Amino acid sequence: MCVECGCGTAVPFGIKVLSVLAPGLLRATSAPAAPAPEPPAKAVDLRIPLLAKNDRQAAQNRAEFARRRMLALNLVSSPGAGKTTLLGRTLDEFGLTTRCAVVVGDLETDNDARRLARSHAPVAQITTGTACHLDAEMVAKSAGALDLAGVRVLFIENVGNLVCPAEFDLGETLRVVLLSTTEGEEKPLKYPPIFKTAHIVLMTKVDVADALGFDRKLAAENVRRIAPQAKLIEVSARSGEGLADWYEVLRAALPPA
Amino acid sequence: MHELGIMESAMSTVLAQAREHGARQVHRIVLRIGALAGVEPQALRFAFEIVSRGTPADGAELAVENVPARVHCADCAADFDVAGGFVFTCPRCRALCADLRQGRELELARIEMT
Ligand SMILES: Nc1nc2c(ncn2[C@@H]2O[C@H](COP(=O)(O)OP(=O)(O)OP(=O)(O)O)[C@@H](O)[C@H]2O)c(=O)[nH]1
Ligand SMILES: [Mg+2]
Ligand SMILES: [Zn+2]
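Predicted, not measured: the structure shown is a model, and the values here were computed from it.

1. Brief notes about the coordination of the zinc ion (ligand 3)
Residues and elements named next belong to chain B.
Okay, step 1: Around the zinc ion (ligand 3), the protein contributes the donor atoms C73 (SG), C76 (SG), C90 (SG) and C93 (SG), which lie 2.3 Å from the metal centre.
Okay, step 2: Coordination at the zinc ion (ligand 3) is tetrahedral, judged from the four donor atoms that bind it and the angles of 103 to 115° they form at the metal.
Okay, step 3: In this structure C93 comes out as partly exposed when scored by relative accessible area, which is 32%.

Take a look at the structure:
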């Protein structure tokens, strides 16, 4: 290689001389005369996604989900916005007629998986340890550990976090962002990147909106301003309000069997 | 701190490139970061210092090239740059827009090495 010998002959990329001279390279230069010539520096222009590895795995996941004619949803929210509660009820109602599976991510404990365990729906827990989000490889491994025969919908409950999951494609068909009434109406304005990527926004815990003085109209308007692309559904996993709409959206998004 | 995970992934690409080109020292790395990429350049720098330690990229300069958000209006077909903020209002027809054509970039753009 010409870097080794400093010959500067044809290399398949741009060459630019830098002022910084790496120690140890002079030895190898063929011209011993002083002052020593600077070794050729290489500058490579690229366009490689920083998350190239995750993106590749996500594309594989997406292809695998499509091959299985499965709808995959990535559920993202702040901690405690109601993902597990909503999924539990969804399994009990929607899941009775449409086979579902869940992979759920948390930093620690398998509490959520135990809460979601149903005889009619395979569930896997991912404990991420320190990672504040799921990545495509975790999803591939956990989904691969489940019996997905006949499963039409795979719910992926992400780690409770409104920031970090945004950049990590899991290969999902749809991204669902939950905004609970306990968090205030401004959440979409404060955490826009994740809302920008949402296909569906669920306003959760609307049963307690009045008690909290939460302005549903204002929150809906904030969602619309930041995420006009997203379908907004106002739901309560407690009272059941809006769940029929949620199930209808799921049904409509199912890939043809 | 997802910047750490992002930088770890980026570093493996940088080091693979350095190996491929027979480089011993990486001097400068340029990233292209979209305005809506959702990463904090300061946190990226901090993460870079951690993950580059003891590698051929140790001590390299990390430069960030910012990419502005560019949006397409579905109503009037105008393309416009977003000056700031996250509400994309079409300057021509005032419609709220979501079709982001540019601004989510999170890319390795350039490596300078010897
Ligand atoms: N009033 C009301 N409370 C709810 C509703 N859904 C969830 N909760 C409560 O909110 C709390 C958190 O709910 P979870 O379902 O565990 O939230 P999560 O998003 O899965 O939480 P993490 O996995 O820790 O991020 C629990 O105490 C639930 O009982 C709802 O629709 N109405
Ligand atoms: Mg949960
Ligand atoms: Zn317009």
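2. A few points about the coordination of the magnesium ion (ligand 2)
Residue and element names in this part refer to chain A.
Okay, step 1: The protein atoms donating to the magnesium ion (ligand 2) are T84 (OG1), D112 (OD) and E157 (OE), with metal-donor distances spanning 2.0 to 2.1 Å.
Okay, step 2: Mapped onto the sequence, the donors of the magnesium ion (ligand 2) take the spacing T-x27-D-x44-E. Residue T84 is found in helix 3 (residues 83–92), and its partner D112 is found in helix 5 (residues 111–116); the two are separated by 28 residues along the sequence. Considered together, T84 and D112 belong to a single accessibility category, that of buried residues.

3. Describing the confidence of the model for chain A
Okay, step 1: Averaged over all residues, the pLDDT of chain A equals 87, while 84% of them reach at least 70.
Okay, step 2: A low-confidence stretch, residues 1–33 of chain A stays under pLDDT 50, and its non-local contacts, those more than four residues away or across chains, total 57 contacts.

4. Remarks on the side chain of E105 of chain B
Okay, step 1: Relative to the elements of secondary structure, E105 of chain B occurs in the loop between strand 5 (99–102) and strand 6 (106–113).
Okay, step 2: R47 of chain A provides the closest opposite charge to the buried, salt-bridge-free E105 of chain B, at an N-O distance of 4.6 Å.
Okay, step 3: At 2.8 Å, the side chain of E105 of chain B and the backbone nitrogen of G103 of chain B are in polar contact.
Okay, step 4: When near neighbours in sequence (up to four residues on either side) are disregarded, E105 of chain B contacts R47 of chain A together with R32, I33, G34, A37 and V67 of chain B.

5. Focus on the packing of helix 1 (residues 2–20) of chain B against helix 2 (residues 41–52) of chain B
Residue and element names in this part refer to chain B.
Okay, step 1: The geometry of helix 1 relative to helix 2 is characterised by a closest axis approach of 8 Å and an angle of 50° between their N-to-C directions. Overall, the two elements helix 1 and helix 2 adopt an arrangement that is oblique. Note that helix 1 runs across helix 2; the crossing there is right-handed. The residues of helix 2 that touch helix 1, namely those facing E3, L4, I6, M7, E8 and M11, are A43, L44, A47, F48, I50, V51 and S52.
Okay, step 2: In the contact of helix 1 with helix 2, the residues fall into 10 nonpolar, one polar and two charged.

6. Quick notes on the packing of aromatic side chains
Okay, step 1: Inspection of the entire model under this criterion finds two aromatic pairs over all chains.
Okay, step 2: With a centroid separation of 5.8 Å and an interplanar angle of 25°, the aromatic rings of F94 of chain A and Y247 of chain A are classed as stacked. With F94 of chain A in helix 4 (residues 94–97) and Y247 of chain A in helix 11 (residues 243–253), this residue pair connects regions lying 153 residues apart in the sequence.
Okay, step 3: We classify Y247 of chain A as buried; its relative accessible area is 8%.
Okay, step 4: Ring centres 6.4 Å apart and planes at 40° place the aromatic pair F155 of chain A and W246 of chain A in the tilted group. Here the residue F155 of chain A occupies a position in strand 5 (residues 153–157), and W246 of chain A occupies one in helix 11, the gap between them amounting to 91 residues.
Okay, step 5: For W246 of chain A, a relative accessible area of 0% puts it in the buried group.
Okay, step 6: One cation-aromatic arrangement involves K196 of chain A over F88 of chain B; the distance from NZ or CZ to the ring centre is 3.5 Å.

7. Brief notes about the site of ligand 1
Residues and elements named next belong to chain A.
Okay, step 1: By nearness alone, 19 residues border ligand 1, and K83, T84, T85, D207 and A237 come closest of all.
Okay, step 2: Take G82: an N or O atom from its main chain is 3.0 Å from an oxygen atom of ligand 1.
Okay, step 3: Within the side chain of R238, a nitrogen or oxygen atom sits 3.2 Å from an oxygen atom of ligand 1.
Okay, step 4: Of all elements in the fold, only helix 3 and helix 5 reach the threshold of two or more residues within the shell around ligand 1.
Okay, step 5: If you tally residues by element for the shell around ligand 1, the top one is helix 3, at three residues.
Okay, step 6: Partitioning the shell around ligand 1 into residue classes produces four nonpolar, seven polar and eight charged.

8. Thoughts on the sheet that holds strand 4 (residues 79–81) of chain B
Residue and element names in this part refer to chain B.
Okay, step 1: Read across the open sheet, the three strands follow the order 4-3-5; overall the sheet is antiparallel. Unpaired on one side and paired on the other, strand 4 and strand 5 mark the two borders of the sheet. Put simply, the sheet's adjacent strands are angled 35° from each other on average, direction ignored.
Okay, step 2: Where strand 3 (residues 70–72) meets strand 5, three bridges bridge the pair, whose relative direction is antiparallel. Considered in strand 5, the bridge of R70 is made with Q102.

9. Let's talk about the pairing of strand 2 (residues 61–67) of chain B
All names here are of chain B.
Okay, step 1: Note: strand 1 (residues 26–34) against strand 2, seven bridges, orientation parallel. Paired with I29 across the two strands is L62, which belongs to strand 2.
Okay, step 2: The β-α-β motif built from strand 1, the intervening helix 2 and the parallel element strand 2 has right-handed crossover chirality.

10. Looking at helix 10 (residues 216–226) of chain A
Residues and elements named next belong to chain A.
Okay, step 1: Listed in full, the buried residues belonging to helix 10 are A219, A220, N222, V223 and I226. The buried residues of helix 10 occupy an angular sector of 160° when projected down its axis, which confines them to one face.
Okay, step 2: Where helix 10 is buried, its residues meet strand 6 (174–180), helix 7 (187–190), helix 8 (192–196), strand 7 (200–204) and strand 8 (231–234).

11. Some words on the sheet that holds strand 1 (residues 42–49) of chain A
One key point about sheets: their strands pair by backbone hydrogen bonds, in either a parallel or an antiparallel sense.
Okay, step 1: Taken in spatial order, the four strands of this open sheet run 1(A)-6(B)-1(B)-2(B), and their pairing is mixed. Edge positions in the sheet fall to strand 1 of chain A together with strand 2 of chain B, since each of these pairs with one other strand and no more. When the angles between neighbouring strand axes are averaged without regard to direction, this sheet yields 20°.
Okay, step 2: Contacting strand 1 of chain A together with strand 1, strand 2 and strand 6 of chain B, helix 1 of chain B runs over the sheet at an angle of about 40° to strand 6 of chain B.

Criteria and cut-off values
Residues numbered from 1 in each chain as written. Chains lettered and ligands numbered in written order. Predicted model: local features only at pLDDT ≥ 70, side-chain atom pairs only at ≥ 80, totals over all residues. Heavy atoms only, no water. Donors = N, O, S within 2.8 Å, 3.2 Å for Na, K, Ca; no water. Tetrahedral: all angles 85-135°; square planar, octahedral: opposite > 155°, others 65-115°. Buried < 20%, exposed > 50% of the residue type's maximum accessible area, 1.4 Å probe, protein only. Helix = DSSP H or I, 4+ residues; strand = E, 2+ residues; numbered from the N terminus. pLDDT = per-residue confidence, 0-100. Contact = heavy atoms within 4.5 Å. Lys, Arg positive; Asp, Glu negative; His and termini not counted. Salt bridge = Lys/Arg side-chain N within 4 Å of Asp/Glu carboxyl O. Polar contact = N/O pair within 3.5 Å; in protein donor to acceptor, adjacent residues only side chain to side chain. Axes fitted to C-alpha atoms, helices over the stretch in contact; angles between N-to-C directions. Parallel < 35°, antiparallel > 145°, perpendicular 65-115°, else oblique. Left-handed = near helix turned anticlockwise from the far one by under 90°. Nonpolar A, V, L, I, M, F, W, Y, C, P; charged D, E, K, R; others polar. Phe/Tyr/Trp six-rings, centres within 6.5 Å; stacked < 30°, edge-to-face > 60°. Lys NZ or Arg CZ within 6 Å of the ring centre and 35° of its normal. Near = heavy atom within 4 Å. Pairing = 2+ DSSP bridges. Right-handed = clockwise from strand over helix to strand, strands pointing away. Arc of directions from axis to C-beta.

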